[in-house]
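Residues per chain are reported as follows:
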Amino acid sequence: MLVVIMLGIVYYAFVMNQTQGVMVAAGIMLVGTAIGVGWRFAQQKQPAAAIVEPVGITKLVLLNEDGDSIKEWYINGETSLLIGKRSNQSEVDIDLTESEYASLISKEHAVLNYASGVWYIEDIESRNGTGIQHRGSGSKQRLEKEHPHKLEQGDIILVANTRLQMK
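All values reported here derive from a predicted model rather than from experimental measurement.

Asker: Looking at this model, I keep getting lost on the side chain of Asp155. Mind explaining?
Answerer: Topologically, Asp155 is positioned in the loop between strand E9 (149–151) and strand E10 (156–159). Here Asp155 occupies a buried position and makes no salt bridge, while the nearest side chain of opposite charge, Arg135, is found at 5.7 Å. A polar contact of 2.8 Å, which involves the side chain of Asp155, links it to the backbone nitrogen of Arg135. In this structure, Asp155 is in contact with Ile132, Gln133, His134, Arg135, Lys150, Leu164, Gln165 and Met166, ignoring residues within four places of it in sequence.

Here you go:
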């Protein structure tokens, strides 16, 4: 439709009319319209900005006995996180002081480390141990002290009897 209107303006301004002012005005309108149409066409051809979704493990979730989320820690962008209980002498990144089984958790219980795109868990001389229950597995594996173990999305970390899920 726009093309038909433009052709009508060109025909009237340059063929039927001999007035210089009408020709200039028609020329300006044609150039402005061409620029507008070109800009609109260019905008439609550009790909939409991709929405960047975090890939892999982005948070650690404290679970209750029924498997419901109690608390979450966003860990995307972190490289090392200390799991334990806060005290006057030390701070921890994943504080389980208020968890149901806090009495079984050491002040510095375990550490999560991120290297080469993978999260690892390591027990650091805790009193009651650290374990892993891999996603989809019913069995639990107790960790050897100071030996890193690879984690994947959906795995559950057992800090004493407290459950943390990698999501």
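Asker: Please clarify how the packing of aromatic side chains should be interpreted in this entry.
Answerer: One pair of aromatic rings is described through two measures. These are the centre distance and the angle between the planes. Counted according to the given criterion, the structure contains one aromatic pair. Judged by centre distance (5.0 Å) and plane angle (50°), the rings of Tyr114 and Trp119 are tilted. The class of Tyr114 is partly exposed, set by a relative accessible area of 38%. Judged by its relative accessible area of 3%, Trp119 falls in the buried class.

Asker: I'm lost on the environment of Lys59 in this one. Help?
Answerer: Inspection of the secondary structure puts Lys59 in strand E1 (residues 59–63). Between the C-alpha atom of Lys59 and that of Gln153, which follows or precedes it by 94 residues, the distance is 9.5 Å. The residues touching Lys59, leaving out its near neighbours within four places in the chain, are Glu72, Trp73, Tyr74, Ile75, Gln165, Met166 and Lys167.

What counts and how
- Residues numbered from 1 in each chain as written.
- Predicted model: local features only at pLDDT ≥ 70, side-chain atom pairs only at ≥ 80, totals over all residues.
- Heavy atoms only, no water.
- Helix = DSSP H or I, 4+ residues; strand = E, 2+ residues; numbered from the N terminus.
- Buried < 20%, exposed > 50% of the residue type's maximum accessible area, 1.4 Å probe, protein only.
- Lys, Arg positive; Asp, Glu negative; His and termini not counted.
- Salt bridge = Lys/Arg side-chain N within 4 Å of Asp/Glu carboxyl O.
- Polar contact = N/O pair within 3.5 Å; in protein donor to acceptor, adjacent residues only side chain to side chain.
- Contact = heavy atoms within 4.5 Å.
- Phe/Tyr/Trp six-rings, centres within 6.5 Å; stacked < 30°, edge-to-face > 60°.

None of this, on its own, says anything about what the molecule does.
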